[in-house]
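Here's the letter readout for the chains.
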Amino acid sequence: MYLCQTLYDSFARTNTSGTCVGGGGRLYSLYMFTHTYNNIITVKNLLLTWEHFLPGKRHKKDVMIFESQLSYHIAELHTLLGTKTYVHDEYTAFNISDPKPRNIHKATVRDRLVHHLVYRTLYWYFDNRFIYDSYSCRVGKGAHRALDRFRYFARKVSHNNTRTCFVLKCDIRKFFASIDHDILYQILRRHIEDADILWLLGQVVSSFSTTGPGVGLPLGNLTSQLLVNIYMHEFDMHMKQGLKVKYYIRYADDFVIFSDDRKYLSNVRIQIETFLNDRLKLKLHPNKVSITTYASGVDFLGWVHFPYHRTLRTTTKRKVIRSMAGYPKPETVSSYKGLLSHGNTYKISKKLIFLGK
């Protein structure tokens, strides 16, 4: 979120006239992608992007090495981009448990700088098109906003918990690993006409694949967070305009739909599977699709939601306790204090205090 907020300060702001105010007070239409390749890759823009890249990374060894010859590296990158001879380097892979095992791919500092450049170029143009109830990796959104929206929709459909509310919960199987590059390019080409910008996007997207050539985006790339939202916006629009689903929330590959009619949700599920498979080459996770009542508890974004309270998912509790063991960093403590403030967490909070946290 800090990164998103920092980038927010350097992007165009939307005003009430339906235009965006850019640098120098210049006005841009919300409905046109106005950037050109040459005004994206300027040395000035690369240096500005570097300043936004640095927070939290300044003391990393690879970043320090790059910064020790910053002028040289920026000039070299500018030349490579200007002559379109830039080629993305290979990634360094490592595994994390969060809490389930994930394979993260880390790009070089130079390539991550390009990722930030692409992100800063595309973010506000596409974010202004996203539906309101898409919450992942967006300025002013996030998990806590999604949780509050969940409670609002559930109360709305249940008439303040006086009627049965059913919730269809879905999860996409191997989400990042299943993104089809050709489909993504088709979506991007509908919005961006500049062939050179499309070339640069192609360099970033094609730098990684999973199950085969032309499939998959790497976990860990800043660009991946935005590109999957662009990809899934096709699905969001199908949900809102095609299926006319009123109570729908999506956070990355997790999404929920609320209704007082279980049969309606069963029918919607079938249509969802068809669209994802036919249009986006994605599949629902067979073990993570359910229709349950709000009263019985709905597991969404690390919390189990009930009509009058919500509790942390068991795996989330274990992660909190594991992360707080020993001598956690101050930012870790603050982060989990914020997390625990959003639900019924008296017992685990008491346990952490007992542990001296």
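First things first, this report covers the structure right here in the doc. (Residues numbered from 1 in each chain as written. Predicted model: local features only at pLDDT ≥ 70, side-chain atom pairs only at ≥ 80, totals over all residues. Heavy atoms only, no water.)

### Description of the nonpolar core
Counting 74 residues, the largest nonpolar core has Phe235 and Ile272 as the members making the most contacts within it. Looking at which element gives the most residues to this core, the answer is helix α6 (residues 109–127), with 11 residues. What Ile272 contacts, discounting residues up to four positions off in sequence, is Leu168, Phe235, Met239, Phe255, Ile257 and Leu284. Ala154, Val157, Cys165 and Val256 belong to the second-largest nonpolar core, a separate cluster that totals 19 residues. (Core = buried A, V, L, I, M, F, W, Y, C linked by side-chain atoms within 4.5 Å. Buried < 20%, exposed > 50% of the residue type's maximum accessible area, 1.4 Å probe, protein only. Helix = DSSP H or I, 4+ residues; strand = E, 2+ residues; numbered from the N terminus. Contact = heavy atoms within 4.5 Å.)

### Focus: the sheet that holds strand β12 (residues 310–312)
Pairing is antiparallel in the open sheet, where three strands are placed in the order β10-β11-β12. Because the sheet does not close on itself, it has two edges, and the strands there are β10 (298–300) and β12. Ignoring strand direction, the axes of neighbouring strands in this sheet form an average angle of 30°. Pairing analysis gives three bridges linking β10 to strand β11 (residues 303–305), with the strands arranged antiparallel. Counterpart to Val298 in the pairing with β11 is His305. (Pairing = 2+ DSSP bridges. Axes fitted to C-alpha atoms, helices over the stretch in contact; angles between N-to-C directions.)

### Overview of the pattern of salt bridges
Summed over all chains, the structure comprises 13 salt bridges. Taking the shortest distance from any N to any O, the salt bridge between Arg110 and Asp89 comes out at 3.5 Å. Remark: Asp89 occurs in the loop between α5 (70–82) and β4 (92–97) and Arg110 occurs in helix α6; sequence separation between them is 21 residues. Exposure remark for Arg110: the relative accessible area of 15% places this residue in the buried category. Note on Asp89: relative accessible area 37%, which makes it partly exposed. The shortest N-O distance in the salt bridge between Asp133 and Arg149 comes to 2.7 Å. Of this pair, Asp133 sits in the loop between α6 and α7 (143–157) while Arg149 is found in helix α7, placing the two residues 16 residues apart along the sequence. Judged by relative accessible area, Asp133 falls into the buried class, the value being 7%. Several salt bridges share partner residues, and in doing so they unite Asp62, Lys106 and Arg112 into one network. (Salt bridge = Lys/Arg side-chain N within 4 Å of Asp/Glu carboxyl O.)

This is a description of form; function is not addressed.
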